[in-house]
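Results of the structural survey
Here's the letter readout for the chains.
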Amino acid sequence: MSPGTPRRPEGGYPAGVRLLPNAVTVLNLCAGLSAVYFALGGRFEFAIGAIAAAGLCDALDGGLARLLDASSRIGAELDSLADLVSFGVAPALVIYIWGLQDTRAGWIVALVFAVCMALRLARFNTLIDDDSAPPFAREFFVGVPAPAAAMTAGIPLYLWLHLGPGWWSSTIPVSIWALFTAGLMVSRLPTLSLKTVRVPQRAIAPLLVAVCVIVAVLLTVPFLGMAIAALVYLALIPYTVYRYRWLSRHPEAWDVPVRQRRAVARAARSARRLGLRPPLRRRVAGRAGAMARGMARRLGLRRR
């Protein structure tokens, strides 16, 4: 090793390499600000591309931090601030400049969207340290995550770029859709976390084919493809809610690997068909106690 070469710390990576996740987060922030710059110049297709690049950087920085063991408090705070700008402030301003700046209520819609993004990120940061959540809760987000919300809010703009002006680009539908997306961010709806998705071995080949098809669609008709992808994501929310509720009712499946939960579901269905009682749940004792107290109060009133 030459004298000028930095030494690698034992059991870790050089300091310059460990700064890579924060550098990617800064690129995320720069891409979000660039989206506003492109929107001010009327180049909305470049603004959408900049927000998409910010989403790619957001997907990479967390994985790099875990891979390089470079997680830090400043990195987490920087990531939240970058997400607020890139997926909250930037989409709100892009939508306002594109279709809402000629109305008085347009700025209110932009403010509501940005504030809801801030509230969504603040709640996400507080839920990270929540030890009272059940084990399966890490497989879900609470509300629509920031990048998905930014992608979903732009559906009217995607359709305008692909199909031209129409009812989807008028002021009222754009405002309603932006407010609807803002409501999804701060809602309590469980949404799927892709970080915990495990692909079965037999599904790898079909998944690769699907990825090729998606890339081909995005290269051929990029804005229509983005609109379809956002709508498909929204269509998956009812299934995610059903899966979350099923897991909350079946504690016996909480510590079971995802691949083996189908066997637990089949066993539960078989038990119901045979008339067997399901396993005891954690809330049974609390509900039974409440019912007993209610009956005691009723009996006391009758005796009086």
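Look up: the structure comes first, before these words.
Residues numbered from 1 in each chain as written. Predicted model: local features only at pLDDT ≥ 70, side-chain atom pairs only at ≥ 80, totals over all residues. Heavy atoms only, no water.

Thoughts on the overall build of the protein chain
In plain terms, the rule: A run of DSSP states H or I qualifies as a helix once it reaches four residues; a run of E qualifies as a strand once it reaches two. Both are numbered from the N-terminal end. Whether a residue is buried, partly exposed or exposed follows from its accessible area with a 1.4 Å probe, protein chains only, as a fraction of its type maximum: under 20%, in between, or over 50%, in that order. In what follows, residue pairs with any heavy atoms lying within 4.5 Å of each other are defined as contacts. Shrake-Rupley sampling with a 1.4 Å probe provides the accessible areas, and residues are treated as covered by the protein chains on show and by no other component.
Broken down by element type, the protein chain carries 13 helices and two strands. In the protein chain, buried positions account for 35% of the 304 residues. Summarising the internal contacts of the protein chain: among those between residues at least 6 apart in sequence, 76% fall at separations of at least 24. Of the roughly 19,200 Å² of accessible surface on the protein chain, a fraction of 66% belongs to carbon and sulfur atoms.

Focus: helix H4 (residues 73-100)
What counts is decided by this rule: Given a helix with a known number of residues, its expected span is that number minus one, times 1.5 Å. Fitting one axis to the seven residues ending at a residue and another to the seven starting there, the bend at that residue is the angle between the two axes.
When the terminal C-alpha atoms of H4 are compared, their 38 Å separation across 28 residues agrees well with the 40 Å that a helix rising 1.5 Å per residue should span. Of all the bends found along H4, the most pronounced is centred on alanine 90 and spans about 30 degrees, while proline 91, a proline, follows it within four residues.

Looking at a nonpolar patch on the surface
The line we're drawing: Here a patch means residues that are over 30% exposed by relative accessible area and free of salt bridges, tied together within 9 Å if like-charged and within 5 Å if nonpolar (Val, Leu, Ile, Met, Phe, Trp, Tyr). What makes a salt bridge here is a side-chain nitrogen of Lys or Arg within 4 Å of a carboxyl oxygen of Asp or Glu, nothing more.
A cluster of nonpolar side chains, namely Leu207, Val211, Val215 and Leu219, defines an oily patch on the protein surface of about 370 Å² accessible area. Mapped onto the secondary structure, valine 211 falls in helix H9 (residues 204-220). Using a relative accessible area of 41% as the deciding quantity, one classes valine 211 as partly exposed.

Quick look at the environment of glutamate 45
Within the secondary structure layout, glutamate 45 lies in helix H3 (residues 44-67). Separated by 177 residues in sequence, glutamate 45 and proline 222 have C-alpha atoms that sit 9.8 Å apart. Leave out the neighbours within four places in its chain, and glutamate 45 touches Leu161 and Phe223.

Looking at the pattern of salt bridges
One pass over the full model with this rule turns up one salt bridge. For glutamate 77, the salt bridge goes to arginine 73, with nearest N and O atoms at 3.1 Å. Of the two residues, glutamate 77 and arginine 73 both sit in helix H4, four residues apart, roughly one turn of that helix. Overall, arginine 73 belongs to the exposed group, its relative accessible area being 63%.

What about the side chain of aspartate 83?
Along the chain, the position of aspartate 83 falls in helix H4. Those residues in contact with aspartate 83 that lie beyond four places of it in its chain are Asn28, Asp58, Gly88 and Leu121.

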